[in-house]
Amino acid sequence: MKVLLDTNIIIHREASKVLNQDIGVLFNWIDNLKYSKYIHPITITELNRNKDQKTVETMKVKIGNYNLIKNVAPTSDKLEEVSKKIDTTENDRNDTLILNEVFCDRVDILISEDKKIHIKAQLLGVTERVYKIDEFLEKVIAENP
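As the structure is a computational prediction, the values presented were derived from the model and not from experiment.

Cut-offs applied
All chains use their own residue numbering, which begins from 1 and follows the written sequence. Reporting of local features is limited, given that this is a predicted model, to residues whose pLDDT is at least 70; pairs of side-chain atoms are given and counted only at 80 or more, and all residues count toward the totals for whole chains, interfaces and linings. Side-chain calculation: all heavy atoms of the structure are included, whereas hydrogens and water are not. Pairs of strands are assigned from DSSP output, requiring at least two bridges between the strands. Numbered from the N terminus, helices here are DSSP runs of H or I no shorter than four residues, and strands are runs of E no shorter than two. Counting of polar contacts relies on pairs of N or O atoms within 3.5 Å, with two restrictions inside protein: one atom must be capable of donating a hydrogen and the other of accepting it, and residues adjacent in sequence are counted only when both atoms are side-chain atoms. Contacts between residues were defined by any pair of non-hydrogen atoms, one from each residue, lying within 4.5 Å. Here the nonpolar core consists of buried residues drawn from Ala, Val, Leu, Ile, Met, Phe, Trp, Tyr and Cys, with membership extended through side-chain atoms lying within 4.5 Å. Only protein chains enter the accessibility calculation, which uses a 1.4 Å probe; a residue whose area is less than 20% of its type maximum is buried, one above 50% is exposed, and one in between is partly exposed. Here, a salt bridge means any side-chain nitrogen of Lys or Arg that lies within 4 Å of a carboxyl oxygen of Asp or Glu. Pairing of aromatic side chains here covers Phe, Tyr and the six-membered ring of Trp, requires ring centres within 6.5 Å, and sorts the geometry by plane angle: under 30 degrees stacked, over 60 edge-to-face, intermediate tilted. We call a charge positioned over a ring when the NZ of a Lys or the CZ of an Arg lies within 6 Å of the ring centre and within 35 degrees of the ring normal.

**Description of the pairing of strand S2 (residues 36–39)**
Working step 1: The sheet contact formed by strand S1 (residues 2–5) and S2 spans three bridges and is parallel. By the bridge assignment, Val 3 is partnered in S2 with Lys 37.
Working step 2: Pairing of S2 with strand S3 (residues 67–68), which is carried by two bridges, proceeds in the parallel orientation. Bridge pairing in S3 links Ile 39 to Leu 68.

**Some thoughts on the side chain of Asp 87**
Working step 1: Note on placement: Asp 87 falls in the loop between helix H5 (77–86) and helix H6 (90–103).
Working step 2: At 2.6 Å, the side chain of Asp 87 and the side chain of Thr 96 are in polar contact.
Working step 3: There is a polar contact of 2.8 Å between the side chain of Asp 87 and the side chain of Lys 120.
Working step 4: Other than its neighbours up to four places away in sequence, Asp 87 contacts Asp 92, Arg 93, Thr 96 and Lys 120.

**Overview of the nonpolar core**
Working step 1: Ranked by internal contacts, the top residues of the largest apolar core, which has 21 residues, are Leu 5, Ile 9, Leu 26, Ile 30, Ile 111 and Phe 136.
Working step 2: Broken down by secondary-structure element, the contributors of at least two residues to this core are S1, helix H1 (7–14), helix H2 (23–32), strand S4 (109–111) and helix H8 (133–143).
Working step 3: Considering each element in turn, this core owes the most residues, five residues, to H2.
Working step 4: Sequence-distant contacts of Ile 9, that is, excluding residues within four places in its chain, are made with Ile 23, Leu 26, Phe 27, Ile 111, Ser 112, Glu 113 and Ile 133.

**Quick word on the pattern of salt bridges**
Working step 1: All told, the structure shown has nine salt bridges when counted by the stated rule.
Working step 2: A salt bridge links Arg 106 to Glu 101; the shortest N-O distance between them is 3.8 Å.
Working step 3: Measuring nitrogen to oxygen at the nearest pair gives 2.8 Å for the salt bridge that ties Arg 129 to Asp 105. Taken as a pair, Arg 129 in the loop between helix H7 (115–124) and strand S5 (130–131) and Asp 105 in the loop between H6 and S4 lie far apart in primary sequence, 24 residues in all.

**A word on the environment of Asp 6**
Working step 1: Mapped onto the secondary structure, Asp 6 falls in the loop between S1 and H1.
Working step 2: A C-alpha to C-alpha distance of 7.3 Å links Asp 6 and Thr 43, two positions 37 residues apart in sequence.
Working step 3: Sequence-distant contacts of Asp 6, defined by excluding residues within four places in its chain, comprise Asp 95, Ile 98, Leu 110, Ile 111, Ser 112, Asp 114 and Ile 117.
Working step 4: A polar contact is formed between the side chain of Asp 6 and the side chain of Asn 8, at a distance of 3.1 Å.

**Section: the packing of aromatic side chains**
Working step 1: Applying the stated criterion across every chain yields a total of three aromatic pairs.
Working step 2: With 6.0 Å between their ring centres and 75° between their planes, Tyr 131 and Phe 136 make a pair best called edge-to-face.
Working step 3: These aromatic residues form a ring-pair network of at least three members: Tyr 35, Tyr 131 and Phe 136.
Working step 4: Sitting above the plane of the Phe 27 ring, Arg 13 keeps its charged end 4.5 Å from the centroid.

This is the structure in structure tokens:
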């Protein structure tokens, strides 16, 4: 199973300070279930915008542990329509590109804490494949007691 991780999940995981206690549990489950962890090229772009060059260099090394989506899916008219309704910032539009990979069935699920991603997933009819950390943990624990 291919799991796409939103930029905020990568930041939670790879930051020098723990921002979310469940992040280690999340990655443990992903690894134990032998799911493949993917990141979108836009995540690399977003991480490279950090003002601290040492942080950028550290993140470059750490994200080497993830599979990179090499060819991004073209955006559909439906996705563009939803994007126009919801997106107000460049970050919102980047999140739409990440969500597009689920919408186009290029990955099986997306894990993100971003509220707008979840709103867009609902409008696109893919909520059953887009999870917050705690939702994903509830699902896998219920399926694997």
